[in-house]
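Below are the chains, spelled out letter by letter.
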Amino acid sequence: MAHVLVLNAGSSSLKFGLFVKGDEPQALATGLVDRIGGAAQLSLRNAAGERMLDLDLPPDQARDHHGALHAALAEIEARFPDAQVVAVGHRIVHGGRDFADPVELTLDVIAQLQALVPFAPLHQPHNLAGVQAAMAEFPHARQVACFDTAFHRSHPFVNDTFALPRAYYDKGVRRYGFHGLSYDYISGALRQMAPTLHAGRVVVAHLGNGASMCGMLAGRSLASTMGFSALDGLPMGTRSGQLDPGVLLYLLEQEGMDAPEISDLLYKRSGLLGLSGLSHDMRTLEASDDPHARQAIDYFTFRIRRELGGLAAALDGLDAVVFTGGIGENSARIRHAVCAGMGWIGIEIDEDANAQNATVISSDLSRVRVLVLATNEELVIARAAGNLAG
Ligand code: ADP
């Protein structure tokens, strides 16, 4: 039986999954190596999503992505000794202007992706390190890239550009948008379960540690809250979200910060963590009675509501809202705070359905359907890698 391995290498984590190849790939196991470079831990879940393993990695495996991948593969091989990996699908953050579809990772393609490192310096190198490691481990498997930017390549010019001199647009300074694999999954799920809504005007809120929203027309991305980098738009666990560029000038000129310090501030010390001074994690903030935790949650939901209005305007109206991601799928409180008082735009929530994390949480009277759908980026990658493997 042929199998597909999925790798999603982040800056300090590695998500992975083993799938049976087929028209609709079946997950045999999914896993995560967390805190690479520190006290790394490996966890594994079975096909039913139940935990099979939690393991502290020894220092030689915890040190870097190569070690983490070896540890992950050793577990997979021990549990699925007969797996025949014919394709490895990789999540690649940046596909630049040119990559709108999954593509086989030839040496030429890898060189093109390497050239995009300056556009995503914190993520692209890790993604490509995962590719190198997988090529060494599975020299006979097809290596396939799936891009977080690809779903947004359908943006019209007004949503692709900044109002800078043209030369910057030509150099690639554009609004790429991210979380594309998640939006791709949600678009496909909606097409299956509610084709009429899929054909209409939909705002998807992907709310996890990273958070963004996407306005879709007939299942394709028209606008996204993330732009040139994964910093823009909504506040996130540790990222600032939208910022007046004048703040950057102030930090440079008045506070004397250099680029690495600003990068550290905006990517790792801002967002929910920065505002609350407590945690990046929504569960911790929801459980806290600290007023700063409350303000961080209020800022988060305020920005989501603002973007919802903006995206609805970009779409010329609204037929459905979909919540997804760890917060979107699980936090009734956040969904309530986003949707409360939105009758003017046609949103009426059924509070019982919302409290139960039901699939449909809008009331029968609501003109706009509000849904909660679990995203599955790994499945999107497994499908694409399996298809390209033939
Ligand atoms: P990532 O972007 O790393 O994939 P996730 O999509 O897993 O992140 O989302 C993680 C976020 O989801 C965390 O802030 C976590 O607290 C939040 N979350 C998970 N479950 C709940 C819950 N039951 N209530 C509120 N927030 C939750």
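Position numbers for residues start from 1 in each chain and track the written sequence from start to end. Owing to the predicted nature of the model, reporting of local features is limited to residues with pLDDT of at least 70; listing and counting of side-chain atom pairs is limited to 80 or more, with chain, interface and lining totals taken over all residues. With hydrogens and water stripped out, all remaining heavy atoms of the structure feed into the side-chain values.

- The name that an unreviewed UniProt entry assigns to the protein chain is Acetate kinase, with the source organism given as Lutimaribacter saemankumensis.
- Under the Subcellular location (unreviewed entry) heading, UniProt states for the protein chain: "Cytoplasm".
- Per UniProt, the comment on the protein chain under Catalytic activity (unreviewed entry) is "acetate + ATP = acetyl phosphate + ADP". UniProt positions are given in the numbering used here, feature names are shortened, and annotations may be inferred rather than shown by experiment.

## A short note on the overall build of the protein chain
Then, number 1: Helix and strand assignments come from DSSP, with helices taken as H or I runs of at least 4 residues and strands as E runs of at least 2, each series counted from the N terminus. On a plain count of helices and strands, the protein chain comes out with 16 helices and 13 strands.
Then, number 2: Taken over the C-alpha atoms alone, the protein chain extends approximately 55 × 55 × 45 Å along its principal axes.
Then, number 3: Counting the 390 residues in the protein chain, one finds 52% classified as buried.
Then, number 4: Only heavy atoms matter for contacts: two residues are in contact if any of them lie within 4.5 Å across the pair. Taking the contacts inside the protein chain whose residues are at least 6 apart along the sequence as the reference set, 61% of them involve residues at least 24 apart. We call a residue buried when its accessible area falls under 20% of the maximum for its residue type, exposed when it is over 50%, and partly exposed in between, using a 1.4 Å probe and counting protein chains only.

## Remarks on the UniProt feature "site: Transition state stabilizer" (unreviewed entry) in the protein chain
Then, number 1: Here the UniProt-annotated "site: Transition state stabilizer" (unreviewed entry) positions come out as H179 and R239.
Then, number 2: Along the chain, the position of H179 falls in the loop between α5 (166-171) and α6 (180-193).
Then, number 3: The residues contacting H179, other than those within four sequence positions of it, are R91, D148, H206, G210, A211, S212 and M226.
Then, number 4: Here R239 lies in the loop between β11 (220-224) and α8 (245-253).
Then, number 5: Setting aside residues no more than four positions away along its own chain, R239 makes contact with G210, M226, A230, L231, L266, Y267, S270 and G271.

## Remarks on the packing of aromatic side chains
Then, number 1: Pairs were defined over the aromatic rings of Phe, Tyr and Trp, the Trp ring being its six-membered one, requiring ring centres within 6.5 Å. Orientation was assigned from the angle between planes: stacked under 30 degrees, edge-to-face over 60, tilted for the rest. The final tally for this structure, using the stated rule, is 5 aromatic pairs.
Then, number 2: Both rings, one in F99 and one in F147, keep their centres 5.1 Å apart while their planes meet at 20 degrees; by these two values the pair is stacked. With F99 in the loop between β6 (84-92) and β7 (103-104) and F147 in strand β8 (residues 142-147), this residue pair connects regions lying 48 residues apart in the sequence. When sorted by exposure, F99 lands in the same class as F147, which is buried.
Then, number 3: Plain terms: the ring middles of F119 and Y176 are 6.2 Å apart, the flat faces sit at 45 degrees to each other, and that makes the pair tilted. Of the two residues, F119 sits in the loop between α3 (107-114) and α4 (124-137) while Y176 sits in the loop between α5 and α6, which places them 57 residues apart along the sequence.
Then, number 4: Through a chain of ring-to-ring contacts, the aromatic side chains of F119, Y176 and F228 assemble into a single cluster.

## Things to note about the site of the ligand
Then, number 1: Being near a molecule or strand, for a residue, means having at least one of its heavy atoms within 4 Å of it. Among the 13 residues in the neighbourhood of the ligand, the closest are listed as N209, D281, M282, R283 and G326.
Then, number 2: For this analysis, a polar contact is any N or O atom pair within 3.5 Å, provided that within protein one partner can donate a hydrogen and the other can accept it, and provided that sequence-adjacent residues contribute only side-chain to side-chain pairs. D281 has a polar side-chain atom sitting 2.6 Å from an oxygen atom of the ligand.
Then, number 3: Only the protein chains shown count as cover for residues, and all accessible areas are computed by the Shrake-Rupley method using a 1.4 Å probe. Burial of the ligand by the protein chains amounts to 73% of its free accessible area of 580 Å².
Then, number 4: Looking at the shell around the ligand, the elements with two or more residues in it are α11 (282-287) and α13 (325-330).
Then, number 5: No other element matches α13, which puts 4 residues into the shell around the ligand.
Then, number 6: Each residue is assigned to one class: nonpolar for Ala, Val, Leu, Ile, Met, Phe, Trp, Tyr, Cys and Pro, charged for Asp, Glu, Lys and Arg, and polar for all the others, Gly among them. Tallied by class, the residues present in the shell around the ligand amount to 2 nonpolar, 7 polar and 4 charged.

## Digging into the sheet that holds strand β9 (residues 201-207)
Hydrogen bonds along the backbone pair up the strands of a sheet, which may run parallel or antiparallel.
Then, number 1: Within the open sheet, the 5 strands sit side by side as β11-β10-β9-β12-β13. Their pairing is mixed. One side of each edge strand has no neighbouring strand; the edge strands of this open sheet are β11 and β13 (369-372). Geometrically, the sheet is characterised by an average inter-axis angle of 25 degrees between neighbouring strands, direction not taken into account.
Then, number 2: Orientation is described by axes fitted as lines to C-alpha atoms, over the contacting stretch for helices, and by angles from 0 to 180 degrees between their N-to-C directions. Taken strand by strand, helix α12 (residues 291-314) contacts β9, β10 (211-217), β11 and β12 (320-324), and its axis lies near 20 degrees from that of β10.
Then, number 3: The strands touched by helix α14 (residues 332-339) within the sheet are β9, β12 and β13, with β12 carrying the most contacts at an inclination of about 155 degrees. Strands pair, by our definition, only if DSSP identifies at least two bridges between them.

## Here we look at the environment of R239
Then, number 1: For R239, a relative accessible area of 17% translates into the label buried.
Then, number 2: With 132 residues separating them along the chain, R239 and L107 place their C-alpha atoms 33 Å apart.

## Quick notes on the sheet that holds β6
Then, number 1: Ordered in space as β5-β4-β3-β2-β1-β6-β8-β7, the 8 strands form an open sheet in which the pairing is mixed. Each edge of the sheet is formed by a strand with only one pairing partner; in this case those strands are β5 (51-56) and β7.
Then, number 2: In the sheet, strand β2 (residues 14-20) pairs with strand β3 (residues 26-34) via 7 bridges, with the strands oriented antiparallel. Across the sheet, residue L18 finds its bridge partner in β3, namely A29.
Then, number 3: Lying over the sheet, helix α16 (residues 377-389) contacts β1 (2-9), β2, β6, β7 and β8, oriented at roughly 125 degrees with respect to β6.

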